[in-house]
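# Fold and contact review
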Amino acid sequence: MARTAVRGRLSWQIATVDDVVVETARVRTIVLGVSEWPGHRAGQHLDVRLTAEDGYRAEREYSIASAPGEPVAITVERLDDGEVSPYLTDELRAGDEIELRGPIGGYFVWDVEHGGPLLLVAGGSGIVPLRAILRHRRRSESDVPVRLLYSSRRIEDVIYRAELDERADGAEVVYTLTREQPPGWTGHTGRVDAALLEEVAWPADEAQPPLAFVCGPTSFVETVASGLVSLGYPPARVKTERFGATGR
Amino acid sequence: MEALDGNAIGGLLLEVFGAEMTNATGVCAHCGASGELATLVVYLQAPGTVVRCRSCGQVLAVIVERLGVKCVDLRGVAALDRAD
């Protein structure tokens, strides 16, 4: 890797907020204008740094929500006791500036040549890097079969719902609602467990083992990853990313 | 305190090593297990950042910041190999 490229990703730079998109009551997508962006891969994240007037600084990592080649965007869920997310979701307006560095990550990434079939499993805002993968697949006109299993509390909490419901380019989307279901809901209910995984996941015994990306809260990821390995998925084909309500 | 994984310290590792490290392979000095750094167990809210082996739970690395300087203790890492 060229030295200059590393330095670029290491340095904090000022980004301009170009747009703030309301996704759900608690979730916003922030589209950023970044002058020195080296380009990113689907699944990577970036670090955001906020500095208070007294010099106190807080940093958080956010998954990049956009595909390679699209404007940089992050999707942020408001955590009521958070230091950073309430500012990003409630206060930030187009034209504001924030500090960021990135892109970061070389493990939880999908490039077209990684192939598939792709099994994407999201818990809550764990959908964000998987949405970048879905968009990248579509933009690059990949014909890799893809299936998304997405667990949310309620239908109103489903992020990117309109986009996911397009089922673009043959993407299969399976929802499960864990806490509350709208009247007439015919989809899955309850948390992702071994039975639901067995029903939804690509069989592992095909010539080309599926490639799984699992992102969500720690306990969700542990359940899904061990469930997939029990179904015969090679551990190296189950990529995991855990997020928590806290940061550095 | 909730455990995360090595993805959560990608930026910190980039800062410390000057390279993308989440897909580097680390070998545990305690049990010999190896895996990508992204898969390791990470605690962000300890005094500093604590990295533990996913197989045996022993401490692989501790990173603390003091007066703007990052102090890196790789006490439990037997080997570290970058992917590229």
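Remember, it's a predicted structure, so these values are computed and weren't measured experimentally. (Residues numbered from 1 in each chain as written. Chains lettered and ligands numbered in written order. Predicted model: local features only at pLDDT ≥ 70, side-chain atom pairs only at ≥ 80, totals over all residues.)

Moving on: the overall build of chain B. Regarding its fold elements, chain B presents one helix and eight strands. For chain B, the succession of helices and strands along the chain, N to C, is β-α-β-β-β-β-β-β-β. For a compact globule of 84 residues, the expected C-alpha radius of gyration is about 12 Å, and chain B comes in at 12 Å, within 12% of that figure. Every one of the 84 residues in chain B was classed for burial, and the buried ones make up 36%. A fraction of 46% describes how many contacts in chain B between residues 6 or more apart in sequence connect residues 24 or more apart. (Helix = DSSP H or I, 4+ residues; strand = E, 2+ residues; numbered from the N terminus. Rg over C-alpha atoms; globule rule 2.2 N^0.38 Å. Buried ≥ 20, exposed ≤ 12 C-beta atoms within 10 Å, placed from the backbone. Contact = placed C-beta atoms within 7 Å.)

Turning to the domain arrangement of chain A, a few remarks are in order. Residues and elements named next belong to chain A. The domain architecture assigned to chain A consists of domain 1 (3-104) and domain 2 (112-243). Spacing between the C-alpha centres of domain 1 and domain 2 amounts to 24 Å. If you list the elements that add at least two residues to the side of domain 1 that touches domain 2, you get strand S1 (13-24) and strand S5 (73-77). Tallied by class, residues from the side of domain 1 that touches domain 2 come to seven nonpolar, six polar and three charged. (Domains from an automatic or database assignment. Nonpolar A, V, L, I, M, F, W, Y, C, P; charged D, E, K, R; others polar.)

Residue and element names in this part refer to chain A. Of all eight residues that make up strand S6 (residues 97-104), six are buried, and the element is covered over most of its length. Examined bridge by bridge, S1 and S6 share four bridges and lie antiparallel to one another. Looking across to S6, one finds that Thr16 is bridged to Glu97. Bridge count between strand S3 (residues 45-51) and S6: four bridges; the pairing is antiparallel. Its bridge partner lying in S6, Asp47 is registered against Arg101. (Pairing = 2+ DSSP bridges.)

This part takes up unusual backbone geometry. Residues and elements named next belong to chain A. With an omega dihedral of 0°, the bond running from Gly102 to Pro103 counts as a cis peptide bond. Summarising the element assignment, Pro103 is placed in strand S6. Cis rather than trans, the peptide bond between Gly116 and Pro117 has omega equal to 0°. Mapped onto the secondary structure, Pro117 falls in the loop between S6 and strand S7 (118-123). Phi is positive for Tyr160, which is not a glycine, with a value near 65°. Following the sequence through the fold, Tyr160 ends up in the loop between strand S8 (146-152) and helix H4 (161-165).

On to the interface of chain A and chain B, then. Size of an interface: often given as the accessible area lost when the parts come together. Each partner contributes to the interface: chain A provides 22 residues, whereas chain B provides 22 residues. Sorting elements by how many residues they give to the side of chain A that touches chain B places strand S12 (residues 238-243) of chain A first, with four residues.

Time to look at helix H6 (residues 218-230) of chain A. Residue and element names in this part refer to chain A. Taking 1.5 Å of rise per residue, 13 residues should cover 18 Å, and H6 covers 18 Å from first to last C-alpha, within 8% of that figure. Within H6, the full set of buried residues consists of Phe220, Val221, Thr223, Val224, Ala225, Gly227 and Leu228. The elements touched by buried residues of H6 are S7, S8, helix H5 (194-200), strand S11 (211-217) and S12. (Expected span 1.5 Å × (residues − 1).)

A few words now on the sheet that holds S11 of chain A. Residue and element names in this part refer to chain A. The strand order across the open sheet formed by six strands is S10-S9-S8-S7-S11-S12, and the pairing between neighbours is parallel. With one partner strand each, in any of the chains shown, strand S10 (188-189) and S12 form the two edges of the open sheet. Pairing geometry for S11 and S12, over six bridges, is parallel. Across the sheet, Cys215 pairs through a bridge with Glu241, a residue of S12. Along the sheet, helix H3 (residues 127-139) contacts S7, S8, S11 and S12; its crossing angle with S8, the most-contacted strand, is approximately 155°. This element, H6, spans S7, S8, S11 and S12 of the sheet and lies at about 155° to S11. (Axes fitted to C-alpha atoms, helices over the stretch in contact; angles between N-to-C directions.)

This paragraph deals with the sheet that holds strand S5 (residues 49-52) of chain B. Residue and element names in this part refer to chain B. The five strands lie next to each other as S1-S4-S5-S6-S7, forming an open sheet whose pairing is antiparallel. Edge strands, defined here as strands with exactly one partner in the open sheet, are strand S1 (4-5) and strand S7 (69-73). One ladder, built from three bridges, connects strand S4 (residues 41-43) with S5; its direction is antiparallel. Along S5, the bridge assignment pairs Val42 with Val51.

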